[in-house]
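Structure at a glance
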Amino acid sequence: MNTVRSISKYNQQHPVAITIGTFDGVHIGHRKILEKVINHAKDAGLKSAVLTFFPHPRMVLQKDTDIKLLNTIDEKIAILKNMGLDILVIHPFTKEFSRLSATEFVRDLLVNKLKSKKIIIGYDHRFGRNRNANISDLISFGKTLDFEVEEIPAQEIDDVSVSSTKIRKALESGDIETANMYLGYEYMLTGTVQKGKGLGRQLHFPTANLAITEDYKLIPKTGAYTVSSVLNETTVYGMMNIGYNPTVNGKVQSIEVHFFDFEKDLYEQKIQVNMLHRLRDEYKFESLEALKQQLALDRKNALQFISG
């Protein structure tokens, strides 16, 4: 997959079948749309392409928004690459860009720059300054600028919207299984391993402390989870705690992963942790010994889940 970070840097001449959107989560609803683009491109001798934006438009146009996203931009790139997409264009979303007229957006960017020959888009898609153009306008542009438009029906677009809402609600309530079902893959947290306070090692459950720099990433509900990771090209299982370490009066949220049967140094490495199953809520225990006993029980329950 060819990833281009700005339409201005795009210089390919091969015509494309393209869709446009934020595609946060790249979940099962999105995949139906993306597969249409990929399949049509193959059938018509075009390249398959996605135009997406970063930062998310709401981050730019609604500064007070506390929007949390299902993917970091790097996670989204990796997922789209695995789908078999030919071209991903990530355009910086700015207030200046949002002021482009519909004509400028379609003629100058979609047609002249990206060489769009087929645009597959939702019935409710709006674009141009103040989002004042719709799919009827796009079809009119297509007749004069020589491209086809395929409208994605309301039912499919509604499915996409429902999926996004359900995934966020599931993650916020700790229902990882439901989130993963709608995503079509395991929800992931990606971050750099940093030194912690060493409490896990003191309890004989050493942890990798995950620092996630993207503050827009949605972190699921606090608690303990069964997880997996690929470390040194090997799948490793473990358990992760998201929370505040109330037993030792912690004040700052941390994400700590204890990997089973893995003792290599991970400091300063960037790792991806896949969330499989929720074990329990986070509790304040009466003593470190009580916490240690609970961690042993968590390990037993996590291993049972993995083997089952």
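Coordinates for the structure precede this section.
Residues numbered from 1 in each chain as written. Predicted model: local features only at pLDDT ≥ 70, side-chain atom pairs only at ≥ 80, totals over all residues. Heavy atoms only, no water.

Along the protein chain, the regular secondary structure elements total 10 helices and 12 strands. The burial tally for the protein chain puts 48% of its 308 residues in the buried class. Counting every atom, the protein chain has about 15,700 Å² of accessible surface; 48% of that belongs to carbon and sulfur. Between the centroid of the 40 positive side chains of the protein chain and the centroid of its 37 negative side chains there is a distance of 3 Å. (Helix = DSSP H or I, 4+ residues; strand = E, 2+ residues; numbered from the N terminus. Buried < 20%, exposed > 50% of the residue type's maximum accessible area, 1.4 Å probe, protein only. Areas by Shrake-Rupley, 256 points an atom, 1.4 Å probe, with all protein chains shown as cover. Lys, Arg positive; Asp, Glu negative; His and termini not counted. Charge placed at Lys NZ, Arg CZ, Asp CG, Glu CD.)

Take the packing of helix α1 (residues 28-44) against helix α7 (residues 154-173) next. Where α1 meets α7, the closest approach of the two axes is 7 Å, and the angle between their N-to-C directions is 140°. Considering the angle they form, α1 stands oblique to α7. Across from I28, G29, H30, K32, I33 and K36 in α1, the residues of α7 making contact are E156, I157, D159, V160, S163 and S164. Looking at side-chain class alone, the contact of α1 with α7 contains 4 nonpolar, 4 polar and 4 charged residues. (Axes fitted to C-alpha atoms, helices over the stretch in contact; angles between N-to-C directions. Parallel < 35°, antiparallel > 145°, perpendicular 65-115°, else oblique. Contact = heavy atoms within 4.5 Å. Nonpolar A, V, L, I, M, F, W, Y, C, P; charged D, E, K, R; others polar.)

For the rest of this paragraph, the subject is the pairing of strand β2 (residues 16-20). Looking along a regular strand, one sees the side chains alternate between the two faces of the sheet. Counting buried positions over the 5 residues of β2 gives 5, a clear majority of the element. By the alternation rule, side chains of β2 split into V16, I18 and I20 and A17 and T19, which are all buried. The β-α-β motif built from β2, the intervening α1 and the parallel element strand β3 (residues 47-54) has right-handed crossover chirality. Alignment of β2 against strand β5 (residues 116-122), held across 3 bridges, turns out to be parallel. By the bridge assignment for β5, V16 is matched with S116. (Right-handed = clockwise from strand over helix to strand, strands pointing away. Pairing = 2+ DSSP bridges.)

A few words on the sheet that holds strand β10 (residues 234-243). Think of a sheet as strands paired side by side through backbone hydrogen bonds, with each pair either parallel or antiparallel. Taken in spatial order, the 6 strands close into a barrel running β7-β8-β11-β10-β9-β12, and their pairing is antiparallel. Across this sheet, the average inter-strand angle for adjacent strands is 45°, counted without regard to direction. Examined bridge by bridge, strand β9 (residues 223-231) and β10 share 9 bridges and lie antiparallel to one another. Note on β10: the bridge partner recorded for Y225 is M240. Contacting β9 and β12 (270-280), helix α8 (residues 176-183) runs over the sheet at an angle of about 125° to β12.

A few words on helix α10 (residues 288-307). Taking 1.5 Å of rise per residue, 20 residues should cover 28 Å, and α10 covers 29 Å from first to last C-alpha, within 8% of that figure. Residues L291, Q294, L295, D298 and A302 constitute the buried set of α10. Viewed along the axis of α10, the buried residues span an arc of 105°, placing them on a single side of the element. Exposed side of α10, more than 90 degrees from the buried face: Q293, K300 and S307 are the residues found there. (Expected span 1.5 Å × (residues − 1). Arc of directions from axis to C-beta.)

Let us now look at helix α6 (residues 135-145). Within α6, the full set of buried residues consists of I135, L138, F141 and G142. Projected onto a plane normal to the axis of α6, the buried residues spread over an arc of 110° and lie on a single side. For α6, the exposed residues lying more than 90 degrees away from the buried face are K143 and T144. Residues of α6 that are buried in the fold lie against α5 (102-113), β5 and β6 (148-152). One or two steps after α6, the chain reaches D146, where phi turns positive at roughly 65°.

The strand order β1-β4-β3-β2-β5-β6 describes an open sheet built from 6 strands, whose pairing is parallel. Whereas interior strands pair on both sides, the edge strands pair on one side only; in this sheet they are β1 (2-4) and β6. Strand-to-strand twist in this sheet, taken as the mean axis angle between neighbours without regard to direction, amounts to 20°. Two elements, β1 and strand β4 (residues 87-92), share 3 bridges in a ladder whose sense is parallel. Among the inter-strand pairings, V4 is bridged to a residue of β4, identified as V89. Relative to β2, α1 is tilted by about 170°, and along the sheet it contacts β2, β3, β5 and β6. Strands β2, β3 and β5 of the sheet are contacted by α5, whose axis makes an angle of about 125° with β5.

A few words now on the side chain of N180. Looking at where N180 falls in the secondary structure, it is placed in helix α8. Take N180: its relative accessible area is 12%, and that puts it in the buried class. With sequence-adjacent residues up to four places away left out, N180 is seen in contact with Y185, E186, Y187, M275 and L276.

Before going further, it helps to spend a moment on the environment of T3. For T3, the location among the structural elements is in strand β1. According to the relative accessible area criterion, T3 is partly exposed, its value standing at 29%. Between the C-alpha atoms of T3 and A49, which are 46 residues apart in sequence, the distance is 9.8 Å. Leaving out residues up to four positions away in the same chain, T3 has contacts with I77, L88 and I90.

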